[in-house]
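Below are the chains, spelled out letter by letter.
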Amino acid sequence: MEFSVGITALGAYTPRKVLTNDELASMVDTSNEWIVERTGIHQRHIADPSEATSDLAYKAFLDLSVHHPVSPREIDLIVVATVTPDMIFPTTANLLQHKIGASNAGAMDLLAACAGFIYGLSTGAQFIKSGTHKKLLVFGADTMSRIVDWEDRTTCVIFGDGAGVVMLEPVDPEFGIRDVILRSDGEGASTLSMPAGGSRLPASLDTVRQHLHFIKMNGRETFAWAVRRMGEVLEELLQRNSLKPEDIGLVICHQANGRIIETTWKKFNLPPEKFFVNIHKYGNTTAASIPLALYEAYHEGRLKKGDWVVLDAFGAGFTYGGVLMKWWLNG
Ligand code: UT7
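Below is a short write-up of the structure. (Residues numbered from 1 in each chain as written. Predicted model: local features only at pLDDT ≥ 70, side-chain atom pairs only at ≥ 80, totals over all residues. Heavy atoms only, no water.)

Considering the sheet that holds strand E7 (residues 161–171)
The condition that has to hold: We treat two strands as partners when DSSP finds at least two bridges between them. Under the scheme used here, helices are H or I runs from DSSP no shorter than 4 residues and strands are E runs no shorter than 2 residues, and both carry numbers assigned from the N terminus. For every element, the axis is a line fit to its C-alpha atoms; helices are fit only across the contacting stretch, and the angle between N-to-C directions ranges from 0 to 180 degrees. For this analysis, residues touch if any pair of their heavy atoms sits within 4.5 Å.
Strand order across the open sheet formed by five strands is E1-E7-E6-E4-E5, with mixed pairing between neighbours. Strands at the two margins of the open sheet, each flanked by one partner only, are strand E1 (4–13) and strand E5 (106–110). For this sheet, the mean angle separating the axes of adjacent strands, direction not counted, is 20°. Examined bridge by bridge, strand E4 (residues 77–81) and strand E6 (residues 136–143) share five bridges and lie parallel to one another. Each bridged residue has a counterpart across the sheet, and for Val-79 the counterpart in E6 is Val-138. Helix H4 (residues 92–100) rests against E4, E5 and E6 of the sheet, and its axis sits at about 130° to E4. Against the sheet, helix H11 (residues 289–299) touches E1, E6 and E7, its axis set at about 95° to E1.

Thoughts on empty space enclosed by the protein
To be explicit about the condition: Each cavity reported here is a set of points on a 1 Å grid over the protein atoms alone in which a 1.4 Å probe fits but cannot get out, each pocket an open set with protein on both sides within 12 Å along at least five of seven lines, and each lining residue one with an atom within 4 Å of a point. Grid points are joined across faces, edges and corners, and a volume is the space filled by probe spheres set on the points. Asp, Glu, Lys and Arg are counted as charged, while Ala, Val, Leu, Ile, Met, Phe, Trp, Tyr, Cys and Pro are counted as nonpolar; the rest, among them Gly, fall into the polar class.
One pass over the structure, following the stated rule, counts one cavity of 30 Å³ or more. In this structure, the largest cavity encloses a volume near 30 Å³. Looking at the lining of the largest cavity, the elements that each hand over two or more residues are E1 and strand E13 (319–326). Tallied by class, residues from the lining of the largest cavity come to four nonpolar, two polar and one charged.

Quick look at the site of the ligand
To keep things clear, this is the line we draw: Near residues are defined by distance, with any heavy atom within 4 Å of the molecule or strand qualifying the residue. Distance and chemistry together define a polar contact, namely a pair of N or O atoms within 3.5 Å, with one atom able to donate a hydrogen and the other to accept it when in protein, and with adjacent residues in sequence counting only for side-chain atoms on both sides. Every accessible area reported is derived by Shrake-Rupley at a probe size of 1.4 Å, with residue values counting cover from the shown protein chains alone. To qualify as sitting in a cavity or pocket, a molecule needs more than half of its atoms within 2 Å of the grid points.
Inspection of the region around the ligand gives 22 residues, with Thr-30, Arg-38, Arg-220, Asn-257 and Asn-284 positioned closest. The contact in question runs from a nitrogen atom of the ligand to an N or O atom on the side chain of Thr-30, over 2.7 Å. For the ligand, an oxygen atom lies 2.7 Å from a polar atom in the side chain of Asn-257. Across the complex, the protein chains shield 76% of the 960 Å² of accessible surface that the ligand would expose by itself. The cavity that encloses the ligand is the second largest pocket. Where the shell around the ligand is concerned, the elements lending two or more residues are helix H2 (32–39), helix H6 (153–156), helix H8 (219–240) and helix H9 (258–267). With four residues, the single largest contributor to the shell around the ligand is H8.

A closer look at unusual backbone geometry
Negative phi values dominate among residues other than glycine, just as trans dominates among peptide bonds. Let me state the cut-off plainly: Note on classification: 1.4 Å probe, protein chains only; a residue is buried when its accessible area is under 20% of the maximum for its type, exposed when over 50%, partly exposed between these limits.
Following Phe-89, the chain continues to Pro-90 via a peptide bond in cis, the omega torsion being 0°. Tracing the chain through its elements places Pro-90 in the loop between E4 and H4. Residue Phe-318 follows Gly-317 across a cis peptide bond; omega there is -10°. A positive phi angle, near 50°, is found at Ser-242, a position not held by glycine. With respect to the element layout, Ser-242 can be found in the loop between H8 and strand E11 (248–253). Phi is positive for Thr-286, close to 55°, though the residue is something other than glycine. With respect to the helices and strands, the residue Thr-286 is situated in the loop between helix H10 (279–282) and H11. By relative accessible area, Thr-286 is classed as buried at 3%.

So, the layout of surface pockets
Empty space within the largest pocket amounts to approximately 730 Å³. Taken together, 28 residues form the lining of the largest pocket, with Val-83, Thr-84, Leu-111, Ile-147 and Met-194 sitting closest to its centre. Here the lining of the largest pocket is composed, by residue class, of 17 nonpolar, nine polar and two charged. Taken as a whole, the second largest pocket encloses approximately 630 Å³ of empty space. Around the second largest pocket sit 28 residues that line it, and Thr-154, Met-217, Gly-219, Arg-220 and Asn-257 are the ones nearest its centre. It is H8 that provides the largest number of residues to the lining of the second largest pocket, a total of five residues. Classifying every residue of the lining of the second largest pocket gives 13 nonpolar, 10 polar and five charged.

Side note on the sheet that holds E13
Pairing within the open sheet is mixed, and its four strands lie in the order E8-E13-E12-E11. Where the open sheet ends on each side, the last strands, each with one partner, are strand E8 (176–184) and E11. Shown here is a sheet whose adjacent strand axes are inclined to one another by a mean of 10°, direction ignored. Note that E11 and strand E12 (residues 308–315) share five bridges and pair parallel. Paired with Ile-252 across the strands is Leu-311, a residue of E12. The sheet strands contacting H11 are E11 and E12, and the helix crosses E11 at an angle near 145°.

Any functional reading would require information that these geometric values do not contain.
This is how it looks when you write it as structure tokens:
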């Protein structure tokens, strides 16, 4: 093929309000020490009541445009990975397309929970690879604070709000996305879910009373599966591309829990610097976690043109997967 698909621009946004662990400790029975020790999280950003997911995503797009001016009419397709759409329909991507003024773009939401950005990126890449599209925006955006049960200490301490976006375009065949793994294990569906609000349990007074419109998670079980599956994905990407762990420039894991990332770097006998971590600042931002981390890694000079980069994510479903790419943008 005469071209590959690469990330050619990035943008990010996190809401101004920061909620610290100490503030959380005044809301539920928890402590800064417990949260830091068990998760690595120090704070998270919380959207203003006036902000919904399309607003966070739009601000991420404005940030991208500052670094990389783009004419909205050139955008072919907008993919938004989210579990917290502004509403069930129309899609957040539709709302975003209108805000951006991308009058020639198609728009779709994609729900793959914390692996959403990996699914969005690989879906978007296929449109460029096939030659039908030239300039795409892939967003990972979530306003988790709207679906977190602020009375449930086992979940409310880990999630946060944010948005990230990348532009995908054809790039030199030596660079860009080289391999993708997308997997699902629906047996884990009840381990992490938001039970009500869909066709199974439509909203009713009862579902509201029972807190069924909030995240329900068996944390310990999710943790064990996340460690296992994210390790498998990294291993498989290395093996089938004949790469050794030390060949990788940077691994960007979904930021779910600092201990999951730590277990992974120890398993592969890699130094911690090879794994990007920003969970201390943002908590678990679901679909936004990987694009936020990618953005920060890039702006901190941790991604150099030609580096092998692995994205690795696991989330509700269970849904998981990874992307291997040779970084294209100059640092
Ligand atoms: O993003 C999608 C994927 N999500 C994940 O990967 C999340 C994976 N899971 C986790 O990150 C961790 O399981 C949690 C951070 C959610 C919980 O940490 P843990 O070390 O697995 O705690 P645990 O659930 O095993 O609970 C240990 C103890 C329990 O008390 P007892 O029963 O031992 O007395 C909990 O009640 O810690 C208690 N606990 C808390 N204590 C203070 C649970 N949450 C809290 C809390 N503050 N916030």
